[in-house]
Amino acid sequence: MRTQVAIIGGGPSGLLLSQLLHRKGIDSIVLERKTKDYVLGRIRAGILETGFVDLMREAGVANRMDAECIIHDGTVISYGDTLFGVDFKDLTGSHVVVYGQTEVTRDLYEAREAAGGKIVFETEAVTIHDADSDAPHVTYMVDGTEHRIDCDFVAGCDGFHGVSRQTIPLTVRREYEKLYPFGWLGILSQTPPVHHELIYSGSDRGFALCSMRNENLSRYYIQCSLSDTPEDWTDAAFWTELKRRIPEEYADRLVTGPSIEKSIAPLRSFVTEPMRWGRLFLCGDAAHIVPPTGAKGLNTAASDIHYLYNGLLQYYAEGDSEGIDRYSEKALTRIWKAERFSWATTNLLHRFPDQNAFDLKIQQADVDFLRENREAQSVFAQNYVGLPY
Ligand code: FAS
Ligand code: PHB
């Protein structure tokens, strides 16, 4: 088999790149190790920056999102007895869009399949060969048979646990990592959201987040121990703990119900550099991870795809490699700013086991400054709605 771009990973990064390239007549094949149902069963991001929305429109897959998404012009931040709003629209003229990653991925699968896009599911032993040559190829197994794809480029969109990053030699790769001593326990419930905007809440019992997917599908998170498992938490225990971590006015009107999904995500900050090695390009979680506090995970995957897509377009349309040669530098510049924002918001609102009384006073002072200072809120809002690509 031959294609122009071999894409490893059928999550949002890989599918969005494949669909964008297809719209410009550039051929790709997507290799996905799981089934489509498994990929669609993962509940992850919920907040899209307008840059992501623009890319979905450019890919021709935004109709359902435009019809069903919710526009959020701000968010609520709570810390102990402190409660205030950050008005994105007033401070930046922009907003964010509530539309679940599951729906993004579903829309992308539908578009690829409608266009006859080649997606191979349940691939095994995907291996990238000769990425540092002008003739890379990828091999993989399906049903015990080995297949080979010769290609011009390989896009590693296979997430944190994928094979692409590992293909870059350790003598080339530099990795930066920070692990957090807690995770997020998240549930999905078919209940109306407690508030029309998100509520980020730092309490003496730990962090909590009230989010949503639509007017009858809510997404809630509480900071939890890394030793916890979802089975350790009954629905009743989760709701009781959530109510103890959010302001009373919201706790009193929280509509609870059975969880239809319950999972724990560990929190990590991670970046690998460079994001290119020869004709292999890393995108999304294959190259970087953020704690979800700043809602940047999926949104930094989008800007990677924007840079790589335009670089490949420039290469194929004009024979100019400037875009792909600058991919890693451009992507990393934006990624590190998202890493900083995600780290800062996590430190602002979570309880750390080693915090002492002084640390808590500093945390309160940080929240007070954000509450009182319009410029501080403007910095928060510019990062949250998404820095320019
Ligand atoms: P993905 O991990 O989504 O997709 C990679 C795909 O590659 C997967 O389908 C995988 O099966 C496949 N793959 C892996 N190895 C392969 C191989 N060897 N061969 C073939 N295929 C392979 N972000 C937020 O903004 N908010 C959140 O609340 C949030 N919650 C999250 C919760 C969890 C548990 C995780 C893991 C992430 C969360 N994220 C969140 C971040 C998440 O949304 C990612 O940023 C997003 O999935 C990135 O998309 P991809 O880069 O496509 O990677
Ligand atoms: C979500 O709705 O899943 C979500 C929203 C905002 C975040 C993290 C997760 O910061």
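Worth saying up front: this structure is predicted, and the values here are computed from it rather than measured.

Draft legend 1. Region of the structure containing helix H14 (residues 374-385). Here H14 spans 16 Å end to end across 12 residues, near enough to the 16 Å set by a 1.5 Å rise per residue. Looking only at H14, the buried set comprises Ala376, Gln377, Ser378, Phe380, Ala381, Asn383, Tyr384 and Val385. Two or three places before Glu375, at the start of H14, stands the capping residue Asn373, its side-chain oxygen 2.8 Å from that residue's backbone nitrogen. Downstream of H14 by a residue or two, Gly386 has a phi angle that is positive, lying close to 115°.

Draft legend 2. Spotlight on the sheet that holds strand E19 (residues 288-289). With mixed pairing, 8 strands are arranged side by side in an open sheet as E6-E5-E13-E14-E15-E12-E16-E19. Edge positions in the open sheet fall to strand E6 (82-87) and E19, since each of these has one partner strand only. Pairing of strand E5 (residues 74-79) with strand E13 (residues 199-203), which is carried by 4 bridges, proceeds in the parallel orientation. Among the inter-strand pairings, Tyr79 is bridged to a residue of E13, identified as Gly202. Most of the contacts of helix H8 (residues 235-245) go to strand E15 (residues 217-224), to which it runs at about 80°, and overall it touches strand E12 (174-189), E13, strand E14 (206-214), E15 and strand E16 (259-273). Across the face of the sheet, helix H12 (residues 327-349) comes into contact with E5, E12, E13, E14, E16 and E19 while running at roughly 125° to E16.

Draft legend 3. View of the environment of Asp73. Looking at where Asp73 falls in the secondary structure, it is placed in the loop between strand E4 (70-72) and E5. Taking the relative accessible area as the measure of exposure, Asp73 reaches 28% and is therefore partly exposed. Not counting the four nearest positions on each side in its chain, Asp73 is found in contact with Val86, Asp87, Phe88, Lys89, His95 and Glu197.

Draft legend 4. Structural view of the site of ligand 1. In the neighbourhood of ligand 1, 30 residues make up the surrounding shell, with Ser13, Glu32, Arg42, Arg44 and Gln101 lying closest. Between ligand 1 and Arg44 there is a distance of 2.8 Å, counted from an oxygen atom to a side-chain nitrogen or oxygen. Between ligand 1 and the protein, one listed contact pairs an oxygen atom with a backbone N or O atom of Leu298 at 3.2 Å. For the shell around ligand 1, the secondary-structure elements that each account for two or more residues are helix H1 (12-23) and helix H10 (297-318).

Draft legend 5. Seen up close, the pairing of E15. Within E15, 8 of the 8 residues are buried, leaving the element largely enclosed by the surrounding structure. Of the two faces of E15, the one carrying Leu217, Arg219, Tyr221 and Gln223 and the one carrying Ser218, Tyr220, Ile222 and Cys224 are both buried. The pairing of E12 with E15 spans 7 bridges and is antiparallel. Across the sheet, residue Gly183 finds its bridge partner in E15, namely Cys224. Sheet topology places E14 next to E15; 6 bridges connect them, and they run antiparallel. Residue pairing across strands places Asn214 opposite Leu217, the latter belonging to E15. A loop of 2 residues connects E14 with E15, the two strands running antiparallel in sequence.

Draft legend 6. Structural detail: the layout of surface pockets. By volume, the second largest pocket amounts to about 490 Å³. Around the second largest pocket, the lining is made up of 18 residues, and of these Ala344, Thr345, Asn347, Leu348 and Asp366 lie nearest the centre. For the lining of the second largest pocket, the secondary-structure elements that each account for two or more residues are H12, helix H13 (357-372) and H14. Among the elements that take part in the lining of the second largest pocket, H12 stands out by supplying 7 residues, more than any other. Taken together, the residues of the lining of the second largest pocket break down into 11 nonpolar, 4 polar and 3 charged. When residues of the lining of the second largest pocket are assigned to domains, at least three fall in each of domain 1 (5-72 + 96-177 + 268-346) and domain 2 (180-267 + 351-385).

Draft legend 7. Focus on the sheet that holds strand E3 (residues 47-49). What the 3 strands build is an open sheet, ordered E3-E7-E4; its pairing is antiparallel. Of all strands in the sheet, those with a lone pairing partner are E3 and E4, marking the two edges. Across this sheet, the average inter-strand angle for adjacent strands is 35°, counted without regard to direction. Examined bridge by bridge, E4 and strand E7 (residues 96-98) share 3 bridges and lie antiparallel to one another. Paired with Ile71 across the strands is Val97, a residue of E7. Contacting E3 and E7, H14 runs over the sheet at an angle of about 95° to E3.

Draft legend 8. View of the pattern of salt bridges. Evaluation of the coordinates by the stated rule reveals 26 salt bridges. Salt-bridge contacts for Arg2 lead to Asp152; the nearest nitrogen and oxygen are separated by 2.3 Å. Pair noted here: Arg2 is in strand E1 (residues 2-8) and Asp152 is in strand E11 (residues 145-156), with a separation of 150 residues, a long-range link. According to the relative accessible area criterion, Asp152 is buried, its value standing at 16%. Note that Arg57 and Asp54 form a salt bridge whose closest N and O atoms lie 3.7 Å from each other.

Rules behind the numbers
- Residues numbered from 1 in each chain as written.
- Chains lettered and ligands numbered in written order.
- Predicted model: local features only at pLDDT ≥ 70, side-chain atom pairs only at ≥ 80, totals over all residues.
- Heavy atoms only, no water.
- Helix = DSSP H or I, 4+ residues; strand = E, 2+ residues; numbered from the N terminus.
- Expected span 1.5 Å × (residues − 1).
- Buried < 20%, exposed > 50% of the residue type's maximum accessible area, 1.4 Å probe, protein only.
- Polar contact = N/O pair within 3.5 Å; in protein donor to acceptor, adjacent residues only side chain to side chain.
- Pairing = 2+ DSSP bridges.
- Contact = heavy atoms within 4.5 Å.
- Axes fitted to C-alpha atoms, helices over the stretch in contact; angles between N-to-C directions.
- Near = heavy atom within 4 Å.
- 1 Å grid on protein atoms, 1.4 Å probe; cavity = no way out; pocket = protein on both sides within 12 Å on 5 of 7 lines; lining within 4 Å.
- Points joined across faces, edges and corners; volume = space filled by probe spheres on them.
- Nonpolar A, V, L, I, M, F, W, Y, C, P; charged D, E, K, R; others polar.
- Domains from an automatic or database assignment.
- Salt bridge = Lys/Arg side-chain N within 4 Å of Asp/Glu carboxyl O.

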